[in-house]
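Structure assessment
Spelled out, the chains give:
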Amino acid sequence: MSKHIKRLASQVTWKQPRKKFAWSVRSRAGPHALKASVPLMVVIRDVLKFADTSKEARNIIARGKVEVDGRIVKDYQRPIGFMDVLSVKDAGAAKRVLMDKKGMFVLADLAPAEVSWKLVKVTGKAIAKGGKIQISTHDGRVILSNEKNVKRGDTLKISIPDQKIVDVYPMAKETSVYVTGGAHKGTITTIKEINVSRSYQENTVESNDNFTTTMSNIFVLGKSKGEISLPGGA
């Protein structure tokens, strides 16, 4: 697969000038899908503006200056997506990747205590050898745990990089949630009601802000309130 993509074909969410240059870098296959991620090089150059050119951005990354979810990343094509924790220690920068109401990726400043954990959505669950629970998450992780009550759609608070489960936030009424898709993406609201479908259709969630969306568009942020810092300190 090519390492490059034409800028006009790149996602609007990448926040890079689409007509200034002909080419950009393509995300490598990784923890986030192409349409739901942005290459690390683009984040360093165009979002954080730590470099003026792709060569400078690749140099910063290759020298091991950038950490994603607590691990040094030297692959400039590494896909960066929702809820990833990005750190550039030399610049004193620690960010969490979120999205705004236009679907654009935005970076929220993190307090020192927030850099050591992230939130992940449970996308699958199976029983592994030895009776442990194998949990799949939205960012491509597979976590082995004894947490038998975890359900698909719940959110885990995990330490990074060792990905130990710190807390479990169930998909339930009156919990704080982030809408990640649909007409209301980027909205933070609370769950009013969960409608369980009796057919092939997906379960839906009613919010306290008087709209309904599918459960796949909902990311639980905590219990009575959200656990994350928001852009601009909101």
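Whatever comes next refers back to the structure up there.
A brief report on the enclosed structure follows. Keep in mind that what you see is a predicted model, and the values were worked out from it rather than measured.

**Here we look at helix α1 (residues 40-47)**
- Most of α1 sits inside the fold, with seven of its eight residues counted as buried.
- Those residues of α1 that sit buried are Leu 40, Met 41, Val 42, Val 43, Ile 44, Arg 45 and Asp 46.
- Just downstream of α1 lies Lys 49, where phi reads positive at about 60°.

**Here we look at the side chain of Ser 159**
- In this fold, Ser 159 is placed in strand β13 (residues 155-159).
- Sequence-distant contacts of Ser 159, that is, excluding residues within four places in its chain, are made with Ser 116, Trp 117, Lys 164 and Val 166.

**Some thoughts on the sheet that holds strand β11 (residues 133-137)**
- Read across the sheet, five strands follow the order β12-β11-β10-β13-β14 without closing on themselves; strand pairing throughout is antiparallel. Across the chains shown, the open sheet's two edge strands, defined by having one partner strand only, are β12 (142-145) and β14 (165-169). Sheet twist, expressed as the mean angle between neighbouring strand axes with direction ignored, is 40°.

**A look at the packing of aromatic side chains**
- Evaluation of the coordinates by the stated rule reveals two aromatic pairs.
- Measuring from centroid to centroid gives 5.3 Å for Phe 82 and Tyr 178, while their planes differ by 65°, and the two rings are edge-to-face. Highlighted residues: Phe 82 in the loop between β6 (79-81) and β7 (85-88) and Tyr 178 in strand β15 (residues 176-179), separated in sequence by 96 residues. Each member of the pair, Phe 82 as well as Tyr 178, carries the same accessibility label: buried.

**A few points about the sheet that holds strand β8 (residues 93-99)**
- One open sheet holds the five strands; their spatial order is β5-β4-β7-β8-β9, and the pairing between them is antiparallel. The strands lining the two open edges of the sheet, one partner per strand, are β5 (71-72) and β9 (105-109).
- For β8 and β9, the ladder comprises five bridges, and the chain directions are antiparallel. Directly across from Met 99, in β9, lies its bridge partner Phe 105.
- On top of the sheet, α1 reaches β4 (67-68), β7 and β9; it is set at about 60° to β7, its chief contact.

**Observations concerning the pairing of β13**
- Of all five residues making up β13, five are buried, and the element is well covered by its neighbours.
- Judged by which residues are buried, β13 turns out to be covered on both faces: Thr 155, Lys 157 and Ser 159 on one side and Leu 156 and Ile 158 on the other are all buried.
- The pairing of strand β10 (residues 117-127) with β13 spans five bridges and is antiparallel. Bridged to Lys 121 within β13 is Thr 155.
- Relative to β14, β13 runs antiparallel, the two being bridged by four bridges. Bridging across to β14, Leu 156 finds its partner in Val 168.

Procedures and definitions
- Residues numbered from 1 in each chain as written.
- Predicted model: local features only at pLDDT ≥ 70, side-chain atom pairs only at ≥ 80, totals over all residues.
- Heavy atoms only, no water.
- Buried < 20%, exposed > 50% of the residue type's maximum accessible area, 1.4 Å probe, protein only.
- Helix = DSSP H or I, 4+ residues; strand = E, 2+ residues; numbered from the N terminus.
- Contact = heavy atoms within 4.5 Å.
- Pairing = 2+ DSSP bridges.
- Axes fitted to C-alpha atoms, helices over the stretch in contact; angles between N-to-C directions.
- Phe/Tyr/Trp six-rings, centres within 6.5 Å; stacked < 30°, edge-to-face > 60°.

Note that all results are geometric; they support no functional claim without further evidence.
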